[in-house]
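Below are the chains, spelled out letter by letter.
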Amino acid sequence: MEITYWNKNIETMDRPAIEALQLQRLRELVDQSLKMDFYKNRLLRVGITSSEDIQSLDDLRRLPFNVKDDLRQNFPTGLLAVDMRDVVRVHSSSGTTGIPTVIYFSRQDMDNWTDLLARSIVATGCCQDDVFQNMMTYGLFTGGLGLHYGAERVGMTVIPVGGGNTQRQVQIMKDFKTTVLHVTPSYLLHIHSKLESFETRPEDLYIQRVFLGAEPYSENTRLKLEDLYGIDAYNSYGLSEMNGPGVAFECVYKQGMHVWEDAYILEIIDPETGEILPDGEQGEVVLTNLVRSAMPLFRYRTRDLAYVNSEPCRCGRTHRRLSRIQGRTDDMLIINGVNVFPSQIEEVIMAIPEVGTNYLIHLTKIGSLDKLAVKVEIYSKLFTGDMSALDGLKAKIKEKLRASITINPVIELHEPGALPHSEGKAKRVLDEREQL
Ligand code: AMP
Ligand code: ZN
C-alpha cells in the first residue's frame, strides 16, 4: 500500500523527539496559563508557580484536571487568553442542554488546526485529485468548517453542502462525481435506506473514502457501511474543546486513530479515581492542547472511553493510536442493575445481516422493573407476510443481544424509515424511565 504524508518529519518523529517537543510545549502552556486568573489559582494551589516546576512529562500529572463545567462557569470569555481583536474564529460545542462551551481561535490557532486536518486527510490516502463533499453541519459545530479548511489546504475540490436534504446530497454526489464524504455514520446509514427511492444504486456513485465521526458507532457499523457502499471508511475523532476534528484520525490501515501527539498530550485515566492507566487499558480520554494560544486548555476530561495502542503502525507514523470510542462515562445505561453501553447493543445488531440501517433503544419502566425495547428497521423485502420468519428473526436478535448484555430485550421490527432518524449526531436512546 502506498503511504503518503502531509508532514513526514513530524508524523514519523521518533518517540524521544515527540516527547521533547511535548515537554517544551507543555512548559510554554504552563507559563501561558499562569497569566490567566482561573488557571493561576488552580496551579498555585498545587504548588506550580512557573514552568520551572515542569521538569519532565511526568510532571503533567501534578496539573489539575479541567472539565466541561469549568468551561461553562467561565462563559463567555473567562478562559480567553488573548484580546478579542486577536480572535479570528469562535466555535461552540453542540451540546443541547445548559450553557454552551465556547472555543476561541487566533489566526495562528486556525493555521495549526487546519494543518492537523490536512495531515489527517492525507493519512487516509486522499489527495488533490479528490472531490470532497462535506456533509457535516456548518456553523458553530466544528465538524463543518474544520474539515472544510483542511480539505482546501490539501487542495481537494471542496463541496460545502452541510447536513440534510438527502436527495440533493445524492444528486450532488452524482453531478460532481464526489469521491470523499465527511458524514456521521448514522446519516450515511440513513442515506442508504433512501437510495432506492432516488433510483440510485451505490454503484452509480463514485465514493471511495468516507470520514466518519462526531458520534459513537461500532466496528460492525463501519463494516456494514463499507459493504453497503463499497468504500473505505475512516474513523475521525475530535471535540470542540480540543479544536474539533483532527485530534485523532485513522491511516490507511484503519487499526485505530493516530493521535497527533505533537499537538496534544493524551492520557487515559480511571474515571473513578483519576489514576493514570497504562497503554492498552480502557479508561477516560484526557487531552491537553499544546498549541492553542487564544484558549489554552490542559488535562481536559472528555468523558470518552477508549484505550491506547502504542504498537508501531505499518504506515510508519509514530504517533500512538487511540481505539474506537467505546462509549462515554455519561452514556452508560443501568438497566435493572446491569451496566450497558449503547455501543454494545449496536455492535450486536449491526452484525445481523437482516437488520437495516436504523435502530432505537427504548427504555421504560413497568412497576419497579426497567424494560428494554430494541427497535430495529429491517429491509422491506423481509416483510413477506410470513409471520413465522419474522418471529424467527426477532428471536435471533433477542438471543444474540441477551448473550452479549445479559438482559432480555423486547425486539420490535420496523419497516425502513419508520424510526426517527437524524441528519447530524444521532439520538439512539430514548429513556423514558424517569417520566413514568
Ligand atoms: P463536539 O464537541 O460537539 O464536537 O462533540 C465531541 C464529542 O463527540 C466527543 O467528545 C465524542 O463523545 C463524540 N465523538 C466525536 N468523534 C467521535 C468518534 N469518531 N467516535 C465516537 N465519538 C465521537
Ligand atoms: Zn498508521
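Residues numbered from 1 in each chain as written. Chains lettered and ligands numbered in written order. Predicted model: local features only at pLDDT ≥ 70, side-chain atom pairs only at ≥ 80, totals over all residues. Heavy atoms only, no water.

(A) Just the packing of aromatic side chains, in detail. This model, assessed by the stated rule, comprises five aromatic pairs. Centre to centre, the rings of Phe-105 and Trp-113 are 4.9 Å apart; their planes meet at 20°, and the pair counts as stacked. Between the aromatic rings of Phe-132 and Phe-211, the centroid separation amounts to 5.9 Å while the plane-to-plane angle is 40°, which identifies the pairing as tilted. Separated by 79 residues along the polypeptide, Phe-132 in strand E3 (residues 131-134) and Phe-211 in strand E6 (residues 209-213) bring together distant segments of the chain. Within the aromatic cluster, the residues linked to one another by ring pairs are Phe-38, Tyr-39 and Phe-298. Its end group placed over the ring of Phe-65, Arg-301 keeps NZ or CZ at 5.5 Å from the ring centre. (Phe/Tyr/Trp six-rings, centres within 6.5 Å; stacked < 30°, edge-to-face > 60°. Helix = DSSP H or I, 4+ residues; strand = E, 2+ residues; numbered from the N terminus. Lys NZ or Arg CZ within 6 Å of the ring centre and 35° of its normal.)

(B) Examining the pairing of strand E10 (residues 264-269) more closely. The buried fraction of E10 amounts to six of the six residues, a majority that puts the element mostly inside the structure. Neither face of E10 is left uncovered, since the one carrying Tyr-264, Leu-266 and Ile-268 and the one carrying Ile-265, Glu-267 and Ile-269 both have all their residues buried. Bridge count for E10 against strand E11 (residues 283-289) is six bridges, and the pairing is antiparallel. Looking at the pairing, Leu-266 lines up with Leu-287 of E11. (Buried < 20%, exposed > 50% of the residue type's maximum accessible area, 1.4 Å probe, protein only. Pairing = 2+ DSSP bridges.)

(C) Spatial organisation of the packing of helix H7 (residues 166-175) against helix H8 (residues 185-195). As a packed pair, H7 and H8 sit with axes 10 Å apart at the nearest point and diverge in direction by 85°. With respect to H8, the element H7 is oriented roughly perpendicular. Together, Thr-166, Gln-169, Val-170 and Met-173 of H7 and Tyr-187, His-190, Ile-191, Lys-194 and Leu-195 of H8 make up the contact between the two elements. Split by residue class, the contact of H7 with H8 holds five nonpolar, three polar and one charged. (Axes fitted to C-alpha atoms, helices over the stretch in contact; angles between N-to-C directions. Parallel < 35°, antiparallel > 145°, perpendicular 65-115°, else oblique. Contact = heavy atoms within 4.5 Å. Nonpolar A, V, L, I, M, F, W, Y, C, P; charged D, E, K, R; others polar.)

(D) Main features of the domain arrangement of the protein chain. As far as domains go, the protein chain holds domain 1 (8-329) and domain 2 (338-431). Using C-alpha coordinates to define each centre, domain 1 is positioned 30 Å away from domain 2. If you look at the interface, domain 1 gives 26 residues, while domain 2 gives 18 residues. Between domain 1 and domain 2, roughly 1,700 Å² of surface is buried when both sides are summed, and carbon and sulfur atoms account for 50% of that area. Our count for the domain 1 to domain 2 interface comes out at zero salt bridges. Between domain 1 and domain 2 we count 12 residue pairs in polar contact (both at pLDDT 80 or more) in total. Listing elements by their share of the side of domain 1 that touches domain 2, those giving two or more residues are H8, helix H9 (219-229) and strand E15 (327-328). (Domains from an automatic or database assignment. Buried area = accessible area lost by both parts, 1.4 Å probe. Salt bridge = Lys/Arg side-chain N within 4 Å of Asp/Glu carboxyl O. Polar contact = N/O pair within 3.5 Å; in protein donor to acceptor, adjacent residues only side chain to side chain.)

(E) Structural view of the nonpolar core. Leu-63, Phe-211, Tyr-237, Leu-287 and Leu-322 are the most contacted members of the largest nonpolar core, which has 72 residues in total. Ranked by residue count, the leading element in this core is helix H5 (residues 107-123), at eight residues. When residues no more than four places from it in sequence are discounted, the contact partners of Leu-63 are Leu-26, Val-30, Leu-43, Ile-48, Ile-54, Phe-298 and Arg-299. Within the second largest apolar cluster, 50 residues are counted, among which are Leu-181, Met-350, Leu-372 and Ile-397. (Core = buried A, V, L, I, M, F, W, Y, C linked by side-chain atoms within 4.5 Å.)

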